[in-house]
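Structural features, examined
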Amino acid sequence: MNYRFIEERKRLVEMLKREGIIRSKKVERALLNVPRELFVPENYRDLAYADTPLPIGKGQTISAPHMVALMTELLNLDEGMKVLEIGTGSGYQAAVIAEIVAPKNSKKPGKVITIERIPELAEFARRNLERAGYIDRVKVVVGDGTLGYPKEAPYDRIIVTAAAPDIPKPLLEQLKPGGRMVIPVGNKYLQYLYIVDKTPSGRIIINKDIPCVFVPLIGKYGWKVKEYLY
Ligand code: SAM
């Protein structure tokens, strides 16, 4: 047990509470329980509790803690839910979600399915989730997440952690009536977090939240690699 990291984690959570990003006990507990230092590359470990995105290789990043906390709050999660994440990256956001939907010793555990398009990162995330004790609650899949994951659909919640030009149609279809999706939508340089609710009768309601900047969502219903690089 590394007490320095535990102290830094507590300080970060206190700051996010003071700033109004963490608003619920559930999200507070989740951020206090997940060791972010196990989800960043070895050489960035000292910065694990700085409120900043960090490189994880292959040109990708682990999102800043405030963004993870905010998106988790917006998802409005409950124990027992089935959640799909697009953009596994380091696996950290998936572990935070698992802490809420499938806490240890839960009598009605939910689950997290997370999709990553870069196989090396999916492997990195699997290793991190294993070490941190979440691999039994999080399934990591390699593939194009813009297609969703029909095999386990429908989902109570969907979270996309890469920037989309628009809301991918398959994700809307795989969201349960009464379900919610949180996704950054915009152009290459700036996006807005969209909160997408599907009413029990199937109507889609979209609310725009804060501006944000994510790495691109690349895939059939996302950006094409060429559109992004040139
Ligand atoms: N949630 C991650 C975490 O906790 O570390 C951070 C995600 S990072 C900002 C975005 C990730 O989305 C990258 O790893 C990228 O490779 C992945 N990605 C981009 N397009 C994708 C797609 N179509 N399907 C699955 N993953 C995708």
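Residues numbered from 1 in each chain as written. Predicted model: local features only at pLDDT ≥ 70, side-chain atom pairs only at ≥ 80, totals over all residues. Heavy atoms only, no water.

Now for the site of the ligand. The environment of the ligand is formed by 28 residues, the closest being Ser90, Gln93, Glu116, Gly145 and Ile218. Protein burial of the ligand: of its 600 Å² of free accessible surface, 99% is covered by the chains. Here the shell around the ligand takes three residues from strand β2 (residues 60-62), the largest share from any one element. In the shell around the ligand, the residues fall into eleven nonpolar, 13 polar and four charged. (Near = heavy atom within 4 Å. Areas by Shrake-Rupley, 256 points an atom, 1.4 Å probe, with all protein chains shown as cover. Helix = DSSP H or I, 4+ residues; strand = E, 2+ residues; numbered from the N terminus. Nonpolar A, V, L, I, M, F, W, Y, C, P; charged D, E, K, R; others polar.)

Okay, the side chain of Glu152 next. For Glu152, the location among the structural elements is in the loop between β5 (138-142) and β6 (155-160). At 3.2 Å, the side chain of Glu152 forms a polar contact with the side chain of Lys139. Excluding residues within four positions of it along the chain, Glu152 makes contact with Lys82, Lys111, Ile113 and Lys139. (Polar contact = N/O pair within 3.5 Å; in protein donor to acceptor, adjacent residues only side chain to side chain. Contact = heavy atoms within 4.5 Å.)

A negative phi holds for most residues other than glycine; trans holds for most peptide bonds. A cis amide bond links Ala153 with the next residue in sequence, Pro154, at an omega value of 0°. Its place among the elements puts Pro154 in the loop between β5 and β6. Of note, the phi angle at Lys58 is positive, near 60°, even though the residue is not glycine. Following the sequence through the fold, Lys58 ends up in the loop between β1 (54-57) and β2. Residue Lys58 is classed as exposed on the basis of its relative accessible area of 52%. Notably, Asn76 is not glycine yet its phi reads approximately 50°, a positive angle. Inspection of the secondary structure puts Asn76 in the loop between α3 (65-75) and β3 (82-86). (Buried < 20%, exposed > 50% of the residue type's maximum accessible area, 1.4 Å probe, protein only.)

The next subject is the pattern of salt bridges. When the charged atoms of two side chains lie near each other, side chains of opposite charge can form a pair. By the definition in use, this model includes 19 salt bridges. One salt bridge in this structure joins Asp136 and Arg137, with 3.5 Å as the shortest N-O distance. Among the salt bridges present, the one from Asp197 reaches Arg180, with a minimum N-O distance of 2.8 Å. Here Arg180 lies in strand β7 (residues 175-186) and Asp197 lies in strand β8 (residues 191-198), a separation of 17 residues in the sequence. Classification of Asp197 as buried rests on a relative accessible area of 18%. Within the structure, one salt-bridge network assembled from shared partners comprises Glu14, Lys17, Lys25 and Glu28. (Salt bridge = Lys/Arg side-chain N within 4 Å of Asp/Glu carboxyl O.)

Before going further, it helps to examine the sheet that holds β3. Within a sheet, adjacent strands bond to each other through the backbone by hydrogen bonds, running parallel or antiparallel. Across the sheet, which stays open at both edges, the seven strands sit in the order β5-β4-β3-β6-β7-β8-β9 with mixed pairing between neighbours. In this open sheet, the two edge strands, each paired with only one partner strand, are β5 and β9 (204-212). Averaged over all pairs of adjacent strands, the angle between strand axes in this sheet comes to 15°, irrespective of strand direction. Along the sheet, α3 makes contact with β6, β7, β8 and β9, crossing β7 at roughly 150°. Across the sheet, helix α4 (residues 92-101) is in contact with β3, β4 (111-116), β5 and β6; its angle to β4 comes to roughly 165°. (Pairing = 2+ DSSP bridges. Axes fitted to C-alpha atoms, helices over the stretch in contact; angles between N-to-C directions.)

Note on placement: Val83 falls in strand β3. In this structure Val83 touches Leu77, Ile97, Val101, Lys111, Val112, Ile113, Tyr155, Arg157 and Ile159, once residues within four positions along its chain are discounted.

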